[in-house]
Amino acid sequence: MKKILFALLCLFVFTGSAQEISIIPRPAEMSVNEGEFLFTGRVVVCYPELADKEIKNVTDNFVEEFKRTTGIKLKKSTPKKERLQGLEVTKYSKKADGHIVLHVDDSMNDEEYKLSVAPKRIEIAASKPAGFFYAFQTLKQLMPRNVMAGVPDNEIKEWSVPAVSIMDKPRFDWRGFMLDEGRHFYGKEEIKKIIDVMAAYKMNRFHWHLTEDQGWRIEIKKYPKLTEIGAWRDSKVCAWGEVKPDGQRYGGYYTHKDIKEVVAYAKERFIEIVPEVDIPGHSQAAVASYPEFLSCDPENKHEVWLWQGVSADVINVSNPLAVQFAKDVIDELIELFPFGYIHLGGDECPTQKWERNSDCQALLKEIGSTNYRDLQIHFYKQLKEHIAQKPADKQRKLIFWNEVLHGNTEPLGNDITIMAWIGADNAAKDAAMRGMNTILSPQIPYYINRKQSKLETEPRSQGYGDETVERVYNYKPMNNAGPELQSKYMGVQANFWTEWVEEPEVVQYLMLPRLVAVAEAGWTPQEKRDYEDFLKRLQGEKKYYQLKGVDFGKHVFK
Ligand code: ACM
């Protein structure tokens, strides 16, 4: 009887602490133990002896943030290893109240980490800085939300974390979010907030959609008119149907200095930025800036578009100056973004202007095709070859939207990545079968600019409110791919198009908490994902959003 009582008590205690633990994304393996680790000013962080500079930086950042948000200054040391009776032992300070011990374990994957919390000791193991960063993100999620939000809370007098044992690594390499700033421009402080939120949920790619028919948002030194002309239009609203252009002068763009600041900010949070310059379609703002060599009909008037939809005013891919323009833009992107990928768009590119242009007709004949989509591929081929000639540190891989598959992709080879959005599951499979890598960003349900509920309070946006948090959560990535294709699936991405979204608070509202559902799809093994469990863990995030000062969909919070 005593034994049964003890077991019941244990169950109660354990589930009691487990309910307070709400880590998102849910770790691959976690067990909850008895007790807690108490933080005091006599806790020592033990840096690994041979850790590289970046691991030290990650740890220093955590120590600094911890001090700012809790008021507790953790001590730092690098304990020496000594040989004692033939055994290697590490000497830890006996005066400390507890230790946070970091180990470098080269057998682990780059983003993998282990975190074990016991009453006097926290152990963290990882092989790379990203793994340590994610371990600290999880540790922060074991504490009150002000720590993750980066703001002090003077009401809290005692800081502790429950005893847990976690072994964690992501399901996918690519856990992305795309923001369209072509339609509306929000500015770098907003982008930094989004990067913080992404990092809180261990997302690692920010896809920055920087050019559109309605605006060009990145300074290109060689082509100043792109931002003198292309970054501005005569309407804040993107007109559609009864909503007419409002006549306001509206726009903005990022200078090289702004971009470098955002890049550094993202790097510190282990987020790679994927810049997208969407060419040759969705390019009316560029065409309006340099119609003399970018347009198919320079004799006509071209202006930055005031309307929503798909503009037919695409770049004249048969003009050698247009090809040179794209190469020059890519050169500046490579200098500004020290990451692995550049996205060249490729979606929704009408061909009617090419069909009526004699140079385009001649070029199509020259490449031996009758499909105008192949002109687009010929254009990309030249850009890909341009990048291939560069030294190793300037190499970039190219990503395209899945419409590129509608042409003959042979000239492009298969070392490209297809971002699948329309008919995403089939398109991704098609790409994988052609030997290409692919990323799943299905329009339904991962376009998280669409309304997230049927409530009357929902802001103006696309859709009917069917892409709920639950629907987004329950999408199963890679559901139609056999084991032989799965290595081609790099991961998942939520996309946010901003035709209807003028204000950053509305971006936040529609983005949250659905972005979190996508983050968990990217990280957590499918068999560990459960919507009801997610919803429970999500409840604590309300506090995080409030402290962080970001808006969010309230209807799923109690
Ligand atoms: C897209 O939604 N046009 C990629």
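Residues numbered from 1 in each chain as written. Predicted model: local features only at pLDDT ≥ 70, side-chain atom pairs only at ≥ 80, totals over all residues. Heavy atoms only, no water.

Chemist: Please provide a residue-by-residue account of the packing of aromatic side chains, values included.
Modeler: Here the structure, examined in full by the defined rule, presents 32 aromatic pairs. Ring geometry for Phe62 against Phe136: centres 4.4 Å apart, planes inclined by 15 degrees, an arrangement best described as stacked. Of this pair, Phe62 sits in helix H2 (residues 53–70) while Phe136 is found in helix H3 (residues 129–141), placing the two residues 74 residues apart along the sequence. When its relative accessible area of 2% is taken as the criterion, Phe136 is described as buried. A connected cluster of aromatic rings, assembled from ring pairs, spans Phe37, Phe39, Phe62, Phe66 and Phe136. Residue placement shows Arg529 over the ring face of Tyr473; its charged tip is 4.8 Å from the ring centre. The ring of Phe552 carries Lys554 above its face, with NZ or CZ at 4.8 Å from the centroid. (Phe/Tyr/Trp six-rings, centres within 6.5 Å; stacked < 30°, edge-to-face > 60°. Helix = DSSP H or I, 4+ residues; strand = E, 2+ residues; numbered from the N terminus. Buried < 20%, exposed > 50% of the residue type's maximum accessible area, 1.4 Å probe, protein only. Lys NZ or Arg CZ within 6 Å of the ring centre and 35° of its normal.)

Chemist: A description of the nonpolar core should follow, citing residues and the corresponding values.
Modeler: Nonpolar side chains in soluble globular proteins tend to end up buried together. Among the nonpolar cores identified, the biggest contains 161 residues, and Phe39, Phe177 and Phe337 are the most heavily contacted of them. In terms of residues, this core owes the most to one element, helix H10 (residues 320–336), which gives 9 residues. Once residues lying within four places of it in the same chain are set aside, the contact partners of Phe39 are Phe66, Ile72, Leu74, Ile100, Ile122, Met143, Trp159, Ser160 and Val161. Judged by nonpolar contacts, the second largest core, of 12 residues, contains Tyr341, Trp401, Ile439 and Trp497. (Core = buried A, V, L, I, M, F, W, Y, C linked by side-chain atoms within 4.5 Å. Contact = heavy atoms within 4.5 Å.)

Chemist: So what's going on with the pairing of strand E6 (residues 98–104)? Which residues, and what values?
Modeler: For E6, the tally of buried residues reaches 5 of 7 residues, placing the bulk of the element in the interior. Sheet topology note: the strand E2 (residues 43–46)/E6 ladder contains 4 bridges and is parallel. Bridge pairing in E6 links Val43 to Gly98. The pairing of E6 with strand E8 (residues 121–126) spans 6 bridges and is classified as parallel. (Pairing = 2+ DSSP bridges.)

Chemist: Help me get a handle on unusual backbone geometry, residues and values and all.
Modeler: Omega for the bond connecting Ile279 with Pro280 falls within 30 degrees of zero, at 0 degrees, which places this linkage in the cis form. Topologically, Pro280 is positioned in the loop between strand E16 (272–276) and helix H8 (284–289). The phi angle at Lys202 is positive, at roughly 60 degrees, despite the residue not being glycine. Residue position: Lys202 is located in the loop between helix H5 (188–200) and strand E11 (205–209). Lys202 sits in the buried class, given a relative accessible area of 0%. You will see that Met478, though not glycine, has its phi angle at about 65 degrees, which is positive.

These figures come from the coordinates and say nothing about function on their own.
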